[in-house]
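Here is what each chain is made of, one letter per residue.
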Amino acid sequence: MENQEKKRLREQASEEKDWLKWGPYLSERQWGTVREDYSAHGDAWNYFPHEHARSRAYRWGEDGIAGFSDRYCNVCFNIGLWNGKDRILKERLFGLTGPQGNHGEDVKELYYYLENTPSHSYMKHLYKYPQNEFPYEQLVSENQKRGRKELEYELLDTGVFDKNEYFDVVTEYAKADEKDILIKITITNRNTKSAALAILPTLTMRNHWTFKEMSKKPLIQKRIKNKSPYVAIDHPYVGNYHLYFEEANELLFTENETNREAIYLQKNNHPFKKDLFHKAVCNNDYKLATKNKKGTKFAPLYQKQIAGGASVTIRLRLSEKSLKNPFDKNFDAIFKNRLKECDTFYEAMAPKANTDKKNILRQAFAGLLWTKQYYNYEVEQWLKGDSKNSQPPQERLSGRNNSWKTLRNHDVLSMPDAWEYPWYAAWDSAFHCASFALIDPAFAKEQLLLFTKEWYMAPNGQIPAYEWNFSDVNPPVQAWSALRIYKTDLEKTGTGDIKFLKRMFNKLSLNFTWWVNQLDRNQNNVFQGGFLGLDNIGVFDRSHGIPGNGILEQVDGTAWMALYCLNMLEISLEIAKEDEAYEDMATKYFGHFIYIAEALNKIDTAYEGTWDSEEGFFYDRLVLPDGRSERIKIRSIAGMLSLAAVLNIKKETLALFPKFKASILWFKKYRMENLKFPIIQEFKDGEDLLLSLVPNDRLQLLIKSLLDEKEFLSPFGIRSLSKIHEEPYKINIEGIDYSINYEPAESTVSLFGGNSNWRGPVWLPMNYLFIQSLREYHDYCGKDMQFEYPTGSGNKMDLNQISNEISKRLIKMFEKDNAEKRPINLLHEKQYTDPDFKDLVLFYEYFHGENGRGLGASHQTGWTSLVANLIEEIDKELD
């Protein structure tokens with residue numbers, strides 16, 4: 001029998017059905033974003049704070065808890081809750097703004113992504129809601145008291161969960177068909193005493209009409225069938241739908257429009273505003289909210305008294321169909337079948353893994369899928385404002401993102417973290433796609449291709465970084481990601497998508513040229529690039545703080561470009577197997593790689609390069625305007641990135657391309673004759689060709705450091721900064737003192753908001769990149785190349801075995817130990833050994849360099865979902 005989830009993906013790809021019309025596309029945070037900021041000087045956090053969110057209509061999207069919407073976020077569904085104690089409804093997740101947190105913005109809620117399939121045929125979300133007053137003010141005030149060297153104050157630290165006085169709210173979705181979605185909300189009282197809860201399953205029409213002209217305003221209107229009420233949805237963009245629901249205490253209607261009196265102290269044109277349900281439920285006054293039988297925001301209200309340990313379930317159904325009995329016996333059967341199909345789909349991913357690893361893998365993929373969000377941002381329109389409203393300040397026209405007027409985003413995108421980072425970041429997305437390729441290669445391809453479209457990529461070829469500054473430079477990993485997707489797809493289906501590679505290659509050629517023209521200022525094939533995603537890894541801000549108006553020749557910028565060359569070379573050869581015209585491009589990228597490799601290792605005897613032969617490491621080099629230069633001797637993954645640029649070209653592939661092979665032999669002869677650095681000295685005709693940015697003698701030294709537990713190798717993967725910097729590195733440049741030291745936990749400096757730290761912690765994407773590179777070296781060298789693992793242990797392993805061992809250290813952060821504890825939960829071990837917490841897994845942004853504790857964003861199932869790739873790869877190694 002055909003796997004039903006794979007069948008749905010096939011139907012989606014062939015356009016037989018549109019299974020992805022509806023999904024978890026509702027953002028978790030729309031407030032505090034750049035898109036909603038119309039202030040003069042880009043103060044996004046304060047222009048639209050959490051306190052405004054319940055009363056003020058959004059311009060560019062919507063948000064909610066456990067949300068669901070059509071792909072353009074026109075019709076949105078989410079849950080609302082009230083425990084009888086809070087001053088407001090719980091309609092959206094709460095967290096600290098960047099200025100409020102002692103380590104930047106941070107969500108202060110407990111929620112978990114439990115299940116999700118690629119077609120969103122089955123989805124499951126858990127939110128834990130306190131029965132006592134939610135400590136909003138306490139969380140803000142206590143975190144503001146704390147400095148950067150102190151721990152963050154979390155919701156579990158407030159004591160609000162200590163006596164199990166909370167509800168588990170599980171929201172499930174199951175698709176009977178592409179336009180027929182079943183919804184089940186199950187609330188369990190985890191305390192022994194009875195407790196009251198108000199539940200508001202909420203339907204919201206995104207507000208377009210306030211900001212632009214519409215053919216007609218959408219409408220939600222009460223109807224009755226078989227003596228049971230339901231609501232009809234009439235939307236000019238989505239069509240006609242029905243929301244069926246079980247009998248409720250009240251039916252609440254209002255408009256999704258700004259309460260101008262609450263926000264601006266101006267008179268409202270009518271009382272039916274966005275925040276009306278808060279007033280009705282929290283004040284027990286339903287007269288106004290029940291007066292109308294239509295609106296653009298609707299919720300059936302359920303008032304439940306739930307006994308200790310008991311559960312109640314509320315059922316709803318959003319359907320294009322007119323149904324006589326929406327909750328017949330098939331309702332529960334559909335949920336049962338969809339869950340079974342979900343089990344079948346994921347069981348095939350890592351069949352030999354133990355139960356805990358399978359749970360980690362499923363929750364990683366669930367989070368990856370739950371953080372697919374609708375993202376709308378049209379810069380030119382945003383800059384000038386909407387004609388129906390007052391014009392924004394003129395200062396904005398020369399402010400943030402003003403050079404990106406061609407950027408028009410209107411898509412479902414994979415977000416790094418749907419609350420903390422509810423916007424795409426170009427290099428994050430590339431890593432996300434490596435995980436998506438395992439479960440939905442079609443989406444992975446579409447997602448990566450988006451960044452090459454004219455309404456994303458700038459006319460000059462630059463790829464937008466992220467909404468806070470599209471002009472920042474993220475590492476160019478799109479070609480690497482394209483190859484991961486291509487190879488994964490080929491392995492799983494037996495067919496390689498050459499058309500996809502061509503589409504990526506042609507546009508990435510423009511981006512490659514942008515890099516060469518913009519970020520090689522001395523035109524010597526040694527690149528700059530600024531922060532390159534590694535936020536605070538330097539002693540100064542590498543984007544804006546270069547001392548003495550100098551140029552920083554960056555090892556990581558140069559290594560990224562070398563990797564880019566090799567990726568483009570490999571793509572060229574793969575395409576050339578079907579289209580010989582691309583063979584010439586392989587030669588072009590091969591040549592450029594050679595020039596970069598020569599430049600990084602040493603251009604000539606008069607040039608003091610980035611390699612330090614005494615210390616056996618690559619260091620960034622600061623070049624001042626008067627010609628003086630100095631190496632910045634920080635032993636970080638920026639210097640280690642040179643290991644990532646490696647490619648083994650098989651002799652069988654070389655045999656297919658005689659012109660390309662002749663070019664290689666010519667390069668070897670010519671460069672050796674001209675005393676250039678011998679990058680390809682080991683190649684002999686009839687053998688595989690290893691292209692490595694790092695020659696063998698330097699490779700030996702770097703890998704020795706990489707595998708040294710006194711330097712980079714932690715019990716939980718590769719650190720971002722060597723542990724030798726426990727003794728701070730200090731340097732004086734132009735009379736100013738700079739320093740950096742090993743910080744295995746949160747950042748103690750404010751660079752880039754201070755919510756990320758590359759000065760010691762473990763980061764999944766960089767570890768994954770290193771692991772894949774070591775496997776590539778092994779593919780060429782086999783068992784002939786072995787290292788001590790760890791360095792100094794006397795235990796020799798080949799690089800494939802070492803890759804597996806590093807993978808196991810990374811996976812171990814998420815696994816239960818013999819005491820049922822997970823390293824990621826170190827600060828709250830007691831809570832997470834509780835029966836109702838022990839199987840819940842969070843996927844943090846980065847991890848403590850010594851103990852594996854989760855750090856940064858807590859739901860970064862963007863690139864941290866790569867742990868699922870590691871589990872799957874280790875599982876295959878057991879074959």
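Here, every reference points to the structure presented above.
The paragraphs below set out a description of the structure included in this document.

**Brief notes about helix H8 (residues 355–370)**
Its 16 residues place the ends of H8 22 Å apart at the C-alpha level, agreeing with the 22 Å of an ideal helix rising 1.5 Å per residue. The element H8 is extensively covered by neighbouring structure, given that 12 of its 16 residues are classed as buried. All buried positions along H8 are accounted for by Asp-356, Ile-360, Leu-361, Arg-362, Gln-363, Ala-364, Phe-365, Ala-366, Gly-367, Leu-368, Leu-369 and Trp-370. Measuring from the side-chain oxygen of the N-cap residue of H8 to the backbone nitrogen of Asp-356 gives 3.2 Å; that N-cap residue is Asn-354.

**Some remarks on the sheet that holds strand S9 (residues 180–189)**
Read across the sheet, 9 strands follow the order S6-S7-S8-S9-S17-S13-S12-S11-S15 without closing on themselves; strand pairing throughout is antiparallel. The sheet is open, and its two edges are formed by strand S6 (110–116) and strand S15 (294–295), each paired on a single side. Relative to S9, strand S8 (residues 166–177) runs antiparallel, the two being bridged by 10 bridges. Bridge pairing in S9 places Ala-174 opposite Leu-182. Its contacts with the sheet put helix H7 (residues 330–347) on S6, strand S7 (122–130), S8, S9 and strand S17 (311–319), and the angle it makes with S8 is roughly 90 degrees. Packed onto the sheet, H8 meets S6, S7 and S8 and runs at close to 100 degrees relative to S6.

**Overview of the environment of Arg-408**
Tracing the backbone shows Arg-408 in strand S19 (residues 408–414). What makes Arg-408 partly exposed here is its relative accessible area of 44%. Setting aside residues no more than four positions away along its own chain, Arg-408 makes contact with Tyr-377, Glu-378 and Trp-455.

**With respect to the packing of aromatic side chains**
In the structure shown here, the tally under the stated rule is 63 aromatic pairs. Ring geometry for Trp-22 versus Phe-68: centroids 6.3 Å apart, planes at 5 degrees, classification stacked. Of the two residues, Trp-22 is situated in strand S1 (residues 22–23) and Phe-68 in strand S2 (residues 65–70); the sequence distance between them amounts to 46 residues. The pair formed by Trp-22 and Phe-68 is uniform in burial state, with each residue classed as buried.

**Details of the pairing of strand S25 (residues 646–649)**
Residues Val-646 and Asn-648 point to one face of S25 and Leu-647 and Ile-649 to the other, with burial holding for every one of them. Note: S25 against strand S26 (residues 689–692), 4 bridges, orientation antiparallel. Across the sheet, residue Ile-649 finds its bridge partner in S26, namely Leu-689.

**Section: helix H20 (residues 764–781)**
Quick reminder: α-helices carry 3.6 residues per turn. Residues three or four places apart thus point the same way. Relative to the 26 Å expected for 18 residues at 1.5 Å per residue, H20 spans 26 Å between its end C-alpha atoms, a close match to the ideal helical length. Most of H20 is tucked away, with 16 of its 18 residues classed as buried.

**So, the pattern of salt bridges**
Taken as a whole and assessed by the stated rule, the structure comprises 66 salt bridges. A salt bridge links Lys-297 to Glu-91, with the shortest nitrogen-to-oxygen separation between them at 3.0 Å. Within this pair, whereas Lys-297 is found in strand S16 (residues 297–306), its partner Glu-91 is found in the loop between strand S3 (75–82) and strand S4 (95–96), the two being separated by 206 residues in sequence. Considered together, Lys-297 and Glu-91 belong to a single accessibility category, that of buried residues. What you see here is one network of salt bridges that share partners, running through Glu-5, Arg-8, Arg-338 and Glu-341.

**What to know about the sheet that holds strand S23 (residues 620–623)**
The 3 strands are arranged S20-S23-S24 in an open sheet whose pairing can be described as antiparallel. Because the sheet does not close on itself, it has two edges, and the strands there are strand S20 (551–553) and strand S24 (629–632). Each strand axis lies, on average, 25 degrees off the axis of its neighbour in the sheet, ignoring direction.

**Considering empty space enclosed by the protein**
Within the structure shown, the criterion is met by 10 cavities of 30 Å³ or more. In terms of lining, the largest cavity is formed by 26 residues, of which the most central are Glu-154, His-828, Leu-842, Tyr-844 and Ser-858. For the lining of the largest cavity, the secondary-structure elements that each account for two or more residues are strand S5 (106–107), S6 and strand S34 (854–855). A total of 3 residues in the lining of the largest cavity trace back to one element, the largest contributor, which is S6. Residues belonging to the lining of the largest cavity are distributed by class as follows: 13 nonpolar, 6 polar and 7 charged.

Quick notes on the rules
- Here the residue index of a chain counts from 1 through its sequence in written order.
- Where local features are concerned, this predicted model is filtered to residues with pLDDT of at least 70; where side-chain atom pairs are given and counted, the filter is 80 or more; whole-chain, interface and lining totals use all residues.
- Values shown for side chains rest on all heavy atoms present in the structure; no hydrogens or waters enter the calculation.
- By definition, any uninterrupted DSSP run of H or I lasting at least four residues is a helix, any uninterrupted run of E lasting at least two residues is a strand, and each is numbered from the N terminus.
- An expected span of 1.5 Å times one less than the residue number is assigned to each helix.
- Relative accessible area decides the class of each residue, using a 1.4 Å probe on protein chains only: under 20% of the type maximum gives buried, over 50% gives exposed, and in between gives partly exposed.
- Polar contact is the term for a pair of N or O atoms within 3.5 Å; when the atoms are in protein, one must be able to donate a hydrogen and the other to accept it, and sequence-neighboring residues count only if both atoms are side-chain atoms.
- In this analysis, strands are considered paired if DSSP registers two or more bridges between them.
- Contacts were defined at the residue level, with two residues in contact if any of their heavy atoms lie within 4.5 Å.
- A fitted line through C-alpha atoms serves as each axis, taken over the contacting stretch for helices, and the angle formed by two N-to-C directions is quoted from 0 to 180°.
- By convention, a stacked pair of Phe, Tyr or Trp rings (six-membered ring in the case of Trp) has centres within 6.5 Å and planes under 30 degrees apart, an edge-to-face pair has planes over 60 apart, and any other such pair is tilted.
- Criterion for a salt bridge: a side-chain nitrogen of Lys or Arg within 4 Å of a carboxyl oxygen of Asp or Glu.
- Definitions used for this entry: grid spacing 1 Å over protein atoms alone; cavity, a set of points where a 1.4 Å probe fits but cannot get out; pocket, an open set with protein on both sides within 12 Å along at least 5 of 7 lines; lining residue, one with an atom within 4 Å of a point.
- Grid points are joined across faces, edges and corners, and a volume is the space filled by probe spheres set on the points.
- For this classification, Asp, Glu, Lys and Arg are treated as charged, while Ala, Val, Leu, Ile, Met, Phe, Trp, Tyr, Cys and Pro are nonpolar and the rest, including Gly, are polar.

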